[in-house]
Amino acid sequence: MIRTLKIARAEVVRTVLLTIRYPIEFFVGLGIMYSIFMGLFLGARALVQDPKVLAASLDGFVISYLMWFFVISAMNRLAFHIQMEAQMGVLEQIYLNYPNMLVLLLVRSVVDFFESLAVVIVLLLLIMVTTGRWLAISLTNLGEVLLLVALTVAGIYGFGLIFAGLALMFKRIGQIGSITQFAFFLLAYLPIEQTTGWLQVALYSLPLTLGIRLLKSVVVGHESVFTEANLALLAVLALNSAAYLLIGSLVFRLCERKSRIDGRLGQY
Amino acid sequence: MLTTTDNPPAFRLEGLAKTFYPIIPWHRHRAVEAVKDVTLTVPRGCIFSLLGPNGAGKTTTIKMIARLVDPTEGRVVFYDRNGSELRRRPALGAVLEGSRNLYWRLSPLENLYYFGELKGLPLAQIRREAEELLQMFDLAEKARGSTQTLSRGMQQKVAVAVALLGSPDVLLLDEPTLGLDVESSRLIQRRLRQMVEEQGKTIVLTTHQMELAARVADRIGIIHHGRLIAEDSLPNLTAFFQRQDYELLLPLGEWEKLAPEVSRLQLDADATAGKGETRVTFHLDSHEGFYRLVERMRAQNIAFSNFRQVTPSLEDIFIEITRHYQDDGGGAA
């Protein structure tokens, strides 16, 4: 445990130092996400003439969009780390010093989550100032919002681990990442609450959908996540994310083993 | 230099083999046998050089020792200082990609801290060791600048310093001085020798630079087409391949007097005319040929400026061994 905390400290320091030294990348990323949102927002405003309808759907739209940002970040970052480190030649050095790469990636996931959270807060403020629509996030429901975001994103990190494993084996997997991002974009905007029966169960079992549904209940519907109905859904969300994280970990381990056999760990 | 054969083993490779199969299953016929049945004991407290041309299997062997590549067959056994077999691989230091083993956007000091934390070292120890290592490699003044701005030699020294953090008993270095200027290369060589002699570390270095291996290695393993074809100390390898070759330097005009005698004695000789002298190399079968040659020279009153027995260089030995190996169709020397 102490070793893991030391690694977390090292990762935080490394992430902060590299972010400071690559400021352009950080601000360009923020700018792109903001521009995409504004494009979507202005497009929606042109299509939906009634300001009341637009205002009613905007909160849910913002939540879905920000969660999609988390998805992009969670899925790409782990694979990006592996790809860059293999390219730089650092990957083997990391394996030599700390052979348990899965734990290292999980630590990185936590660090990345907080980094993404900081970006999302800035992005959210920019969006709220621009649109003039303020989401109902207060100190009273902030804990619930963070809990839901963390649980939802944990499942996405399962996919991040799968991509990291593929990056370990094939190194360049950018195209697969791009296609998956769009698939998740669709998932983020699926009207899950309008479905019933088996279709709803099937949709709940997908990553992201249930988390967004609960977030909308808390932020837009002003419900508590700890009501009886929502608690059951929260438990399903936790199990769902744990399952994706476990599958991701297993796939990563398999890819790692295959890479060691094929001698591909440090190859680029 | 240490007498390494009496030292207890640091680790042993037992029948180590590696075949790389293409990732596409129906391309399995294109499999590459990179390392074939390598068995080798590396003694503690020595510099062991794995010598071979590019593509011989040196890097794959060193990566199997580091557990970055899984062997197809065989295993690597590590021993503690008492010679008992260890169950787990001990901490190793390694530089496998040279200067590429670092985060270039971080400073040397930040790299040392990051990898020190990954190794699980306490911060106080990292601080102390980082200071010592930066001093040792003359990097103290560059400790806080970006690694990217350092020269290749300096980056390589930082990579070696990172590998030395935590004072691992075994250090694996893949082509550690490749592409370095003479000064940086010499400094690294001096430091490696110092670590072996003062701290009893075991260093395995792969190289295709004969002069580097000859200068620093206590023991040399020659690897060719994935097979370890010779392994011994340099003096033993030299003695084994010592032939009755003699080099004679003659003033101009003397070779013309000696040549008929050489022909009469049926000696194998190559003569090369140089500036003001002729260099003659004799490949003799025995000492007897040498004595008869000297007698004829004395009888003919032939003057000479130098006469010496030729000691084979590591390069000569390497060529000889690999030639023998190819002639024998792959049998070990």
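The model shown is predicted, which means the values in this text are computed figures rather than measured ones. (Residues numbered from 1 in each chain as written. Chains lettered and ligands numbered in written order. Predicted model: local features only at pLDDT ≥ 70, side-chain atom pairs only at ≥ 80, totals over all residues.)

1. Observations regarding the pairing of strand 1 (residues 9-20) of chain B
All names here are of chain B. Where we set the bar: Pairing between two strands is assigned when DSSP locates at least 2 bridges connecting them. The numbering of helices and of strands both runs from the N terminus, where a helix is a DSSP run of H or I of at least 4 residues and a strand a run of E of at least 2.
Pairing analysis gives 8 bridges linking strand 1 to strand 2 (residues 32-43), with the strands arranged antiparallel. Residue Leu16 lies in a different strand from strand 2, and its bridge partner there is Val38. For strand 1 and strand 4 (residues 73-78), the ladder comprises 5 bridges, and the chain directions are antiparallel. Bridge pairing in strand 4 places Ala17 opposite Glu73.

2. What about the interface of chain A and chain B?
The criterion, for reference: Distance between backbone-placed C-beta atoms decides contact: two residues are in contact if it is within 7 Å.
Every contact between the two is made by 25 residues of chain A and, on the other side, 26 residues of chain B. Of all the secondary structure elements, the ones that give two or more residues to the side of chain A that touches chain B are helix 1 (2-21), helix 4 (91-97) and helix 10 (228-262) of chain A. It is helix 1 of chain A that contributes the most residues to the side of chain A that touches chain B, 9 residues altogether.

3. A word on helix 2 (residues 108-118) of chain B
Threshold: Neighbour counting defines burial: a residue surrounded by 20 or more other C-beta atoms within 10 Å of its own C-beta is buried, one with 12 or fewer is exposed, and intermediate counts give partly exposed, using backbone-placed C-beta atoms.
Where burial is concerned, most of helix 2 of chain B is hidden: 11 out of the 11 residues are buried. Taken together, the buried positions of helix 2 of chain B are occupied by B:Pro108, B:Leu109, B:Glu110, B:Asn111, B:Leu112, B:Tyr113, B:Tyr114, B:Phe115, B:Gly116, B:Glu117 and B:Leu118. Looking at the buried side of helix 2 of chain B, the elements it contacts are helix 1 and helix 4 of chain A together with helix 3 (123-136) and helix 4 (152-164) of chain B. Where helix 2 of chain B ends, the next residue or the one after it, B:Gly120, has phi of about 85 degrees, a positive value.

4. A look at the confidence of the model for chain A
Here is the rule: pLDDT is defined as a per-residue confidence score from the predictor, taking values between 0 and 100.
Chain-level statistics for chain A give a pLDDT mean of 85 and a share of 97% at 70 or above. Looking across chain A, the model is least confident in helix 7 (residues 174-188) of chain A, with a mean pLDDT of 80, and most confident in helix 10 of chain A, with 93.

5. Let's talk about unusual backbone geometry
Its identity as a non-glycine residue notwithstanding, A:His222 has a phi of 55 degrees, on the positive side. Of note, A:His222 is situated in the loop between helix 9 (209-219) and helix 10. Located in the positive-phi region is B:Glu175, a residue other than glycine, with phi close to 45 degrees. Take B:Glu175: it is sitting in the loop between strand 6 (170-174) and helix 5 (182-199).

6. Section: the packing of helix 2 (residues 23-47) of chain A against helix 5 (residues 101-131) of chain A
All names here are of chain A. The following threshold applies: Fitted lines through C-alpha atoms give the axes, limited to the stretch in contact for helices. The angle between two N-to-C directions lies from 0 to 180 degrees. Rotating anticlockwise by less than a right angle from the far helix to the near helix defines a left-handed crossing, while the corresponding clockwise rotation defines a right-handed one.
Look at helix 2 against helix 5: their axes get within 11 Å of each other, and the N-to-C directions meet at 35 degrees. Considering the relative orientation of helix 2 and helix 5, their crossing is right-handed. Contacts from Leu30, Met33, Tyr34, Phe37, Met38 and Phe41 of helix 2 reach helix 5 at Val119, Val122, Leu123, Leu126, Ile127, Thr130 and Thr131.

7. With respect to the environment of A:Val122
Residues and elements named next belong to chain A. Counting through the fold element by element, Val122 comes out in helix 5. By the C-beta count within 10 Å, which is 13 here, Val122 ends up partly exposed. For the pair formed by Val122 and Gln194, sequence separation is 72 residues and the distance between their alpha carbons is 31 Å.

8. Brief notes about the sheet that holds strand 6 of chain B
Residue and element names in this part refer to chain B. Spatial strand order, 5-6-7-3-8-9: 6 strands in an open sheet with mixed pairing. The strands lining the two open edges of the sheet, one partner per strand, are strand 5 (92-95) and strand 9 (227-233). Each strand axis lies, on average, 15 degrees off the axis of its neighbour in the sheet, ignoring direction. Contacting strand 3 (47-51), strand 6, strand 7 (202-207) and strand 8 (219-224), helix 1 (residues 58-65) runs over the sheet at an angle of about 150 degrees to strand 7. Of the strands in this sheet, strand 5 and strand 6 touch helix 4, which is tilted by about 165 degrees from strand 5.

9. Observations concerning the packing of helix 5 of chain A against helix 6 (residues 139-170) of chain A
Two measures define how a pair of helices packs: the angle their axes make with one another and the distance between the axes. All names here are of chain A. Here is the rule we go by: Oblique is the label for any angle not under 35 degrees, not over 145, and not in the 65 to 115 range, which are roughly parallel, roughly antiparallel and roughly perpendicular in turn. Note on residue classes: Ala, Val, Leu, Ile, Met, Phe, Trp, Tyr, Cys and Pro are nonpolar, Asp, Glu, Lys and Arg are charged, and everything else, Gly too, is polar.
Where helix 5 meets helix 6, the axes come as close as 11 Å, and the angle between the chain directions of the two elements is 130 degrees. Accordingly, the angle class assigned to the pair helix 5 and helix 6 is oblique. Taken as a pair, helix 5 and helix 6 cross one another with a handedness that is right-handed. Contact residues: helix 5 offers Leu105, Ser109 and Phe113, while helix 6 offers Val153, Tyr157, Gly160, Leu161 and Ala164. Class assignment for the residues of the contact of helix 5 with helix 6 results in 6 nonpolar, 2 polar and no charged.

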